[in-house]
Each structure stands twice: as C-alpha cells, then as structure tokens.
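The primary structure of each chain is shown beneath.
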Amino acid sequence: MSRKRLTQIFPALIPLRQKQRRLCCLARMALDHRRYASALSPRQLPVTVYQQTMPLRNPDTGFDMVYQENKVYNLRLAARQLQGLLIRPGETFSFCWAVRSAQRRAPYRDGLSVVNGRLTTAPGGGLCQMTNLLFWLFLHSPLTLVERSGHREKDFPDLGSQPAGVDATFSEGWLDLKVRNDTRQTFQLELAFGEDSITGALRADQPDGVAYQVCNRGLTYRRDQGGIYQEVDVVQRRLSRVTGELLEERLLYHNRCRIGYPLPAGTVVQVSFEGRPAPRGMAAMRRREG
C-alpha cells in the first residue's frame, strides 16, 4: 500500500503546494539558459502551417455545465497571453511560461481538474483543452517536441476528432507542454473564439514545402489490473506539399491511458492476465464491450 502524500491527508494545503511548485518551476526555467518565447506581435505572419477548430463545451463529463462555462472563461484568459505569440528560431515554447501572467487581472474560475488522482473541480480547470489544441498544431509542424505528458486516465470522451492518444495534459508546476524551434522559420500562434468553438492556427513567416499527417498504429483496448486501458502508437508522416510523396514516417511515442467511461458497443477489448503471459491457446481471447 503506497504512502499517502501530505496534501491527500490535508487537502487544505493543496493551494500552498501548487504555489510553491509554480514558483520553483518558473525559477528553474529562468535559470536553465533556454530562450523562452514571450514576444507578442499583432502582425499576422503570412503562411498558415496548420489550423484546427474544436468544440468548446463537453456535455458528457457528468458534472454541472457551469464548469464548462468556467472552462471557456479560463481558456479566454490564457488565450490573451498566447494570441500572436512568436516562436523564433532557437526559442522554446512553454505553456507554463507563456500563461504565467494570465491571472494578473482576474483569477481563473473552477473547472474540471485531476487533483491527487481524482477528477474534481479546481481554479484553472479545463486548460488542458488549450494544451491539447496547441499540441495538435505543433504535431503538424517541424517544431521539436521537448516535453509532453498524456492523461493517465480519461473519465469522459475527448472533444474533436483527433486520433487516439493525441493529448497533452497541463498541471502548473508539475506538467508542461514544451516545443523548440530548431528551424530558420518564425512561427506564430493565433486563437479565435466562436460561440461554440475555438480555432487555433499555427502560422509562419515562410513556407517550407512540407505537410504533416498524424495517425495511429496498433490501437488496442486491454483489460488489465481491474481497468480498461487504451494503448496506441502515435505516428507522424512528412509529405511533400508539391507531389504528396512520403518523405519520412516516424514513431513519436506510445500512449497508454486508463479509460474511465463506457466504450462504444462492439469495441474489442483484449483480455489481460494481470501482467502474466497468457496460457497457451488463450492469447487471442477477446470479448466485446456493450
């Protein structure tokens, strides 16, 4: 039995611990000799590298919709610090660094967040939708991934239609989304809100002749240790914009996530044997959910 953290025994200490972690994280970044993207420009760069629109509200969380409205409010606060942000050659984008002043004029509202491994509500909840969107944009560019953490557990289905395993969770002081610009291009973030959607775009000062595709390989669902886990490889393909020729295909990472909501009827779930090899003749055992 694992020992409980102090904040699990005394939840009132959570805000103090979060503040401590945030200050330590920002201090480390201030001293790590990286150049973090921070310049905002009202001038729109001419080339659209990639653009994506996502719905803002998720009705399938099991929580009151007021927390979805609070999430939208939080996203708008963060977007003020991201709109027009330039990622110049040699610079690193950090979500934590970029939005560090988002609450300067008004505090975040309570949205859905995972605290001590449990889905609950907390100030700033819902910002993972912004990091998910930004991560999806970055995957369609030559930017180099430095830091990304996927959700260990999902309690409700994702918004949008991205491939499985393409997400980037954020926890200020603990988990960040970082990419580095190793190219000669300058990139720029652009965000726009509609009534029911958010549109993100990654722009550049010059074209590079390469298009990107992101897809899954080997998507499986597996029953293991009393839960159902989604496992999948996330693959990036580089294509010529002129000819469509495949230039490169590479595995970005393997994603494993516990699924905490009912899967669609007919989803195949492989039977696990709690980490032990399956008995001979039973390796292909499966059952269908629903």
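Residues numbered from 1 in each chain as written. Predicted model: local features only at pLDDT ≥ 70, side-chain atom pairs only at ≥ 80, totals over all residues. Heavy atoms only, no water.

A. Fine view of the nonpolar core. Formed by 49 residues in total, the largest nonpolar core has its most connected members in Leu82, Phe93, Phe95, Met130, Leu134 and Phe138. Looking at this core, the elements that each hand over two or more residues are helix H2 (14-31), strand S2 (47-55), helix H3 (66-82), helix H4 (95-98), helix H5 (128-138), strand S10 (187-193) and strand S11 (197-204). Per element, the largest residue contribution to this core is eight residues, and it comes from H5. Beyond its immediate stretch of four places on either side in the chain, Leu134 contacts Leu82, Phe93, Phe95, Leu177 and Leu189. Formed by six residues, the second largest nonpolar core is a distinct cluster that contains Ile228, Ile259, Leu263 and Val269. (Core = buried A, V, L, I, M, F, W, Y, C linked by side-chain atoms within 4.5 Å. Buried < 20%, exposed > 50% of the residue type's maximum accessible area, 1.4 Å probe, protein only. Helix = DSSP H or I, 4+ residues; strand = E, 2+ residues; numbered from the N terminus. Contact = heavy atoms within 4.5 Å.)

B. Representation of the sheet that holds strand S9 (residues 178-180) in the model. With respect to topology, four strands assemble into an open sheet ordered S1-S4-S9-S7, the strand pairing being mixed. A strand with exactly one partner marks an edge of an open sheet, and here the two such strands are strand S1 (35-36) and strand S7 (144-147). Taken together, the three bridges between S7 and S9 define a ladder with antiparallel strand orientation. Within S9, the residue paired with Thr144 across the bridge is Arg180. (Pairing = 2+ DSSP bridges.)

C. Region of the structure containing the environment of Ser101. Locating Ser101 in the fold gives a position in the loop between H4 and strand S5 (110-115). Ser101 gets classed as partly exposed once you look at its relative accessible area, which sits at 26%. For the pair formed by Ser101 and Arg80, sequence separation is 21 residues and the distance between their alpha carbons is 9.7 Å.

D. Main features of the pattern of salt bridges. Counted by the stated rule, this structure contains 15 salt bridges. Linking Asp158 and Lys154 is a salt bridge whose minimum nitrogen-to-oxygen distance equals 2.8 Å. Look at Asp158 and you get partly exposed, because its relative accessible area is 46%. The salt bridge partner of Arg238 is Glu248, with a shortest N-O separation of 3.6 Å. (Salt bridge = Lys/Arg side-chain N within 4 Å of Asp/Glu carboxyl O.)

E. Representation of the packing of aromatic side chains in the model. All chains considered together, the criterion is met by six aromatic pairs. Consider the rings of Phe63 and Tyr67, whose centres lie 6.4 Å apart with planes at 85 degrees: the pair is edge-to-face. Residue classification places Phe63 among the partly exposed residues on the basis of a relative accessible area of 30%. Take Tyr67: its relative accessible area is 23%, and that puts it in the partly exposed class. For the cation-ring pair, Arg256 lies above Tyr229, with the distance from its terminal atom to the ring centre recorded as 3.9 Å. (Phe/Tyr/Trp six-rings, centres within 6.5 Å; stacked < 30°, edge-to-face > 60°. Lys NZ or Arg CZ within 6 Å of the ring centre and 35° of its normal.)

F. Molecular detail of the pairing of S11. S11 sits mainly inside the fold: six of its eight residues count as buried. The sheet contact formed by S2 and S11 spans eight bridges and is antiparallel. Residue pairing across strands places Pro55 opposite Ser197, the latter belonging to S11. Across seven bridges, the pairing between S10 and S11 is antiparallel. Looking at the pairing, Glu190 lines up with Ala201 of S11. What sits between S10 and S11 in their antiparallel hairpin is a turn of three residues.

G. Up close: the side chain of Thr186. Relative to the elements of secondary structure, Thr186 occurs in the loop between S9 and S10. Not counting the four nearest positions on each side in its chain, Thr186 is found in contact with Leu45, Leu86, Ile87, Arg88, Pro89, Asn181, Arg203, Ala204 and Asp205.

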